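What follows is the residue order along each chain.
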Amino acid sequence: MEFRRTHYTSHVTPEMNSQTVKLAGWVHEIRDLGGIMFLVLRDREGMAQITLFKKTIDPAVLKTAKALSRESVVLVEGEVKAEAKAPGGYELVPIKIELLNPAKSPLPMDTTGKVDAELDTRLDNRFMDVRRPKTQAVFRIRHHMLSAVREFLEQEGFIEINTPKVVATATEGGTALFPITYFDTEAFLNQSPQLFKQLMMSGGMDKVFEIGPIFRAEEHDTRRHLNEATSIDIEASFMDHEDVMVILENLIVYVYEKVAERAVPSLKTLGIELTIPTAPFRRLTYDEAIEINNENSKELLEWGDDLGTSAEKVIGEAIGEHYFIKDWPTEIKPYYTQPYEDEPQITKAFDMMHPRMELSSGAQRVHDHDMLHKRIQDQGLNPDGFEFYLKAFRYGIPPHSGWGLGAERLLMTMLDVDNIRDVVLFPRDRKRVSP
RNA sequence: GUCCGGAUAGUGUAGUGGCCUAGCAUGGAGCCCUGUCGAGGCUCCGCCCCGGGUUCGAAUCCCGGUCCGGGCGCCA
């Protein structure tokens with residue numbers, strides 16, 4: 001069976017008039033008008049019209065065409081005909097239609113955009129949902145986004161690493177972990193590469209990054225949380241929190257620019273015109289953030305409170321663009337964030353926010369072994385479980401800083417998508433582990 | 001977890017006690033049509049989440065369950 005195409009639909013042009021090409025893809029639509037029949041063939045790059053003139057066509061080809069069902073996979077060999085009346089300025093007059101694999105009917109959902117499907121239906125049938133140009137556009141943009149992230153970080157001198165997802169202990173207190181059976185001992189799915197990327201600072205790699213999955217067993221059930229998410233993490237030695245904030249904002253701007261430049265057809269499919277943010281982002285201290293909240297909200301906050309969903313919204317509306325919140329109370333940030341030497345009640349930690357939600361958090365890290373040991377204890381954790389980590393701090397680890405950025409949140413805010421599940425192919429949430 | 005809302009052909013929806021033999025769109029089968037591009041016209045096909053209850057009568061009201069959506073909580 002022959003199934004190799006010579007061209008994608010978008011690579012055929014009216015100038016190729018009378019040339020023979022082979023297109024392969026899915027039967028997107030069938031319009032049978034009597035004396036003339038149109039098939040719309042869809043491939044990854046677009047669509048092409050196949051036109052059958054019933055009087056002149058080979059009856060065998062017509063017979064195959066008549067028997068096609070929507071979403072069947074076909075290879076069409078035909079002659080390109082420049083035709084102003086056809087979408088794209090050309091159509092294909094088939095010489096041969098090969099049915100490579102028929103699709104059953106009825107389809108689990110519509111791929112043409114005529115009838116909407118609910119997110120739940122789309123996720124249950126993700127393989128078919130991805131055939132919809134709009135869904136495919138989201139994941140092509142996701143590809144461009146991650147590719148730009150890698151490119152930017154590499155230009156900045158970062159080295160890509162991979163750290164284990166199966167671990168023996170929690171990275172930090174607070175978040176729940178998924179326990180797994182690892183031979184005859186208990187292990188967990190990692191919630192963050194935090195500890196491991198810090199170990200690489202002791203390892204002298206200076207600047208590292210990782211793009212990988214993180215797992216959180218929290219029972220959250222919102223439009224912006226996942227139990228398996230993708231984290232973009234960096235860690236850099238001989239840098240403080242301000243230094244890595246600059247890297248972060250420049251990365252965001254770079255990613256927006258490259259997506260706007262490279263994902264033009266996908267953005268068009270989604271009807272999105274990207275507004276590229278400008279750096280530097282505004283820097284709010286935690287104190288200023290509290291003040292803005294208290295001026296604009298009925299839910300008043302006191303110093304030491306964490307910023308909840310409503311505060312995030314209120315402050316986001318007041319600022320209206322990406323911004324940082326820095327200098328957080330030491331107590332509400334993890335043990336590994338470095339307190340200011342002169343004001344130990346606040347820490348060199350920051351969050352980077354989109355008006356809609358938090359995208360990233362980072363900090364300068366504690367590099368002094370004894371301080372780290374004490375802070376682990378103070379947060380009610382057992383230092384024994386952290387020995388593999390603490391050990392690296394006894395043999396020369398430079399001052400260092402880093403952040404973690406939620407890839408899905410970056411994408412959903414960029415594309416103004418309401419539900420985080422829309423930007424993950426196979427989302428894992430409180431209620432979904434399949435497909 | 002909690003509060004609110006929802007569940008009707010394959011998909012998306014209308015219907016809030018009898019007018020429902022459940023409407024519409026899309027889809028499928030078939031017929032007509034040589035320029036469709038969300039084609040059009042005609043015929044046919046296919047649906048009330050599960051279990052109990054109220055009532056002469058339940059898709060519709062009540063109770064329980066399951067599943068889904070949204071808010072909040074939880075959350076580097």
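What this report covers is the structure whose coordinates are included nearby. (Residues numbered from 1 in each chain as written. Chains lettered and ligands numbered in written order. Predicted model: local features only at pLDDT ≥ 70, side-chain atom pairs only at ≥ 80, totals over all residues. Heavy atoms only, no water.)

A short note on the overall build of chain A
Item 1. When helices and strands are counted, chain A shows 12 helices and 16 strands.
Item 2. Projected onto the principal axes, the alpha-carbon positions of chain A cover approximately 90 × 55 × 40 Å.
Item 3. For chain A, the proportion of its 435 residues judged to be buried stands at 51%.
Item 4. Taking the intrachain contacts of chain A between residues at least 6 apart in sequence as the baseline, contacts between residues at least 24 apart amount to 65%. (Helix = DSSP H or I, 4+ residues; strand = E, 2+ residues; numbered from the N terminus. Buried < 20%, exposed > 50% of the residue type's maximum accessible area, 1.4 Å probe, protein only. Contact = heavy atoms within 4.5 Å.)

Brief notes about the sheet that holds strand 8 (residues 179–182)
Item 1. On the basis of which strands lie adjacent, the open sheet formed by three strands has the order 7-9-8 and antiparallel pairing. The open sheet has two edge strands with one neighbour each: strand 7 (166–167) and strand 8.
Item 2. Examined bridge by bridge, strand 8 and strand 9 (residues 185–189) share four bridges and lie antiparallel to one another. When the sheet's bridge partners are listed, Tyr182 is paired in strand 9 with Thr185. (Pairing = 2+ DSSP bridges.)

With respect to the packing of aromatic side chains
Item 1. If you walk through the whole model with that rule in mind, you get 10 aromatic pairs.
Item 2. Between Phe281 and Phe324 the ring centres are 6.0 Å apart and the planes differ by 35°, which places this aromatic pair in the tilted class. Note that Phe281 is positioned in the loop between helix 7 (264–270) and strand 12 (282–285) and Phe324 in strand 13 (residues 323–329), a separation of 43 residues in sequence. One exposure class covers both Phe281 and Phe324, and it is buried.
Item 3. A ring pair is formed by Tyr335 and Tyr336, whose centres lie 5.2 Å apart and whose planes are at 85°; its orientation type is edge-to-face.
Item 4. Using a relative accessible area of 0% as the deciding quantity, one classes Tyr335 as buried. (Phe/Tyr/Trp six-rings, centres within 6.5 Å; stacked < 30°, edge-to-face > 60°.)

What to know about the protein's contact with RNA strand B
Item 1. Near RNA strand B lie 54 residues; those nearest to it are Arg31, Glu91, Arg223, His225 and Thr309.
Item 2. A share of 58% is what sugar and phosphate atoms reach among the atoms of RNA strand B within 4 Å of the protein.
Item 3. In the model, a base oxygen of RNA strand B is placed 2.7 Å from a nitrogen or oxygen of the Lys85 main chain.
Item 4. Those elements that place two or more of their residues in the surface near RNA strand B are strand 1 (20–32), strand 2 (36–43), strand 3 (46–53), helix 2 (119–124), strand 11 (228–237) and helix 9 (309–319).
Item 5. Sort the elements by how many residues they give to the surface near RNA strand B and strand 1 lands first, with three residues. (Near = heavy atom within 4 Å. Polar contact = N/O pair within 3.5 Å; in protein donor to acceptor, adjacent residues only side chain to side chain.)

Concerning a nonpolar patch on the surface
Item 1. Where nonpolar side chains cluster on the molecular surface, the patch consists of Val166, Tyr182 and Phe183 and spans about 340 Å² of accessible area.
Item 2. Note on placement: Tyr182 falls in strand 8.
Item 3. With a relative accessible area of 41%, Tyr182 lands in the partly exposed category. (Patch = residues over 30% accessible without salt bridge, like charges linked within 9 Å, V, L, I, M, F, W, Y side chains within 5 Å. Areas by Shrake-Rupley, 256 points an atom, 1.4 Å probe, with all protein chains shown as cover. Salt bridge = Lys/Arg side-chain N within 4 Å of Asp/Glu carboxyl O.)

Some words on the pairing of strand 9
Item 1. Across two bridges, the pairing between strand 7 and strand 9 is antiparallel. Of the residues in strand 9, the one forming a bridge with Val167 is Phe188.
Item 2. Connecting strand 8 to the next strand, strand 9, in antiparallel fashion are two residues, including Phe183 with a positive phi near 50°.

A closer look at the pairing of strand 3
Item 1. Here eight bridges tie strand 2 to strand 3, and the two strands are oriented antiparallel to one another. Across the sheet, Met37 pairs through a bridge with Leu52, a residue of strand 3.
Item 2. Strand direction decides the pairing type here: strand 3 and strand 5 (residues 90–101), joined by two bridges, are parallel. Along strand 5, the bridge assignment pairs Gln49 with Glu91.

A look at the sheet that holds strand 14 (residues 346–354)
Item 1. Taking strand neighbours across the sheet as the criterion, the eight strands line up as 6-10-11-16-15-14-13-12 in an open arrangement whose pairing is mixed. Here the strands that pair on one side only, and so sit at the sheet edges, are strand 6 (159–160) and strand 12.
Item 2. As paired strands, strand 12 and strand 13 are joined by four bridges and run parallel to one another. The residue of strand 13 that forms the bridge with Thr285 is Lys326.
Item 3. Its contacts with the sheet put helix 4 (residues 133–155) on strand 6, strand 10 (207–215) and strand 11, and the angle it makes with strand 10 is roughly 150°.
Item 4. Running over the sheet, helix 12 (residues 407–414) touches strand 11, strand 14, strand 15 (357–364) and strand 16 (400–406) and is turned about 135° from strand 15. (Axes fitted to C-alpha atoms, helices over the stretch in contact; angles between N-to-C directions.)

Focus: the packing of helix 8 (residues 286–296) against helix 9
Item 1. In the contact formed by helix 8 and helix 9, the axes pass within 9 Å of each other and the chain directions differ by 95°. In terms of orientation, helix 8 and helix 9 fall into the roughly perpendicular class. Mapping the contact onto sequence places Ala289, Ile292, Asn293 and Asn296 in helix 8 and Ala311, Val314, Ile315, Ala318 and Ile319 in helix 9. (Parallel < 35°, antiparallel > 145°, perpendicular 65-115°, else oblique.)

Some remarks on the nonpolar core
Item 1. Formed by 52 residues in total, the largest nonpolar core has its most connected members in Met145, Val259, Trp403, Leu405, Met414 and Leu415.
Item 2. Looking at this core, the elements with two or more residues in it are helix 4, strand 10, strand 11, helix 6 (241–262), strand 14, strand 15, strand 16 and helix 12.
Item 3. In terms of residue count, the dominant contributor to this core is helix 6 (11 residues).
Item 4. Beyond its immediate stretch of four places on either side in the chain, Leu405 contacts Thr230, Ser231, Ile232, Leu248, Leu251, Ile252, Met352, Leu359, Ser360 and Leu410.
Item 5. Val21, Leu23, Ile57 and Val80 belong to the second-largest nonpolar core, a separate cluster that totals 22 residues. (Core = buried A, V, L, I, M, F, W, Y, C linked by side-chain atoms within 4.5 Å.)

Quick look at helix 4
Item 1. A rise of 1.5 Å per residue sets the reference length of helix 4, with its 23 residues, at 33 Å; its end C-alpha atoms lie 32 Å apart and thus fit the reference within 8%.
Item 2. Trailing helix 4 by a residue or two, Gly157 shows a phi angle of about 90°, which is positive. (Expected span 1.5 Å × (residues − 1).)

Examining a negative patch on the surface
Item 1. A cluster of acidic side chains, namely Asp287, Glu288, Glu291, Glu295, Asp342 and Glu343, defines a negative patch on the protein surface.
Item 2. Checked against the element boundaries, Asp287 lands in helix 8.
Item 3. With relative accessibility at 42%, the residue Asp287 sits in the partly exposed group. (Lys, Arg positive; Asp, Glu negative; His and termini not counted. Charge placed at Lys NZ, Arg CZ, Asp CG, Glu CD.)

Observations concerning unusual backbone geometry
Item 1. A cis amide bond links Ala279 with the next residue in sequence, Pro280, at an omega value of 0°.
Item 2. The residue Pro280 is located in the loop between helix 7 and strand 12 in this model.
Item 3. Looking along the chain, the bond that leaves Ser434 and enters Pro435 is cis, with omega of 0°.
Item 4. For Pro435, the position within the fold is in the segment after helix 12.
Item 5. Even without glycine at this site, Ser18 takes up a positive phi of about 75°.
Item 6. Position of Ser18 among the secondary structure elements: in the segment before strand 1.
Item 7. On the basis of relative accessibility, which here comes to 47%, the residue Ser18 falls in the partly exposed class.
Item 8. A positive phi angle, close to 75°, is found at Glu71, a residue other than glycine.
Item 9. For Glu71, the location among the structural elements is in the loop between helix 1 (59–66) and strand 4 (73–82).

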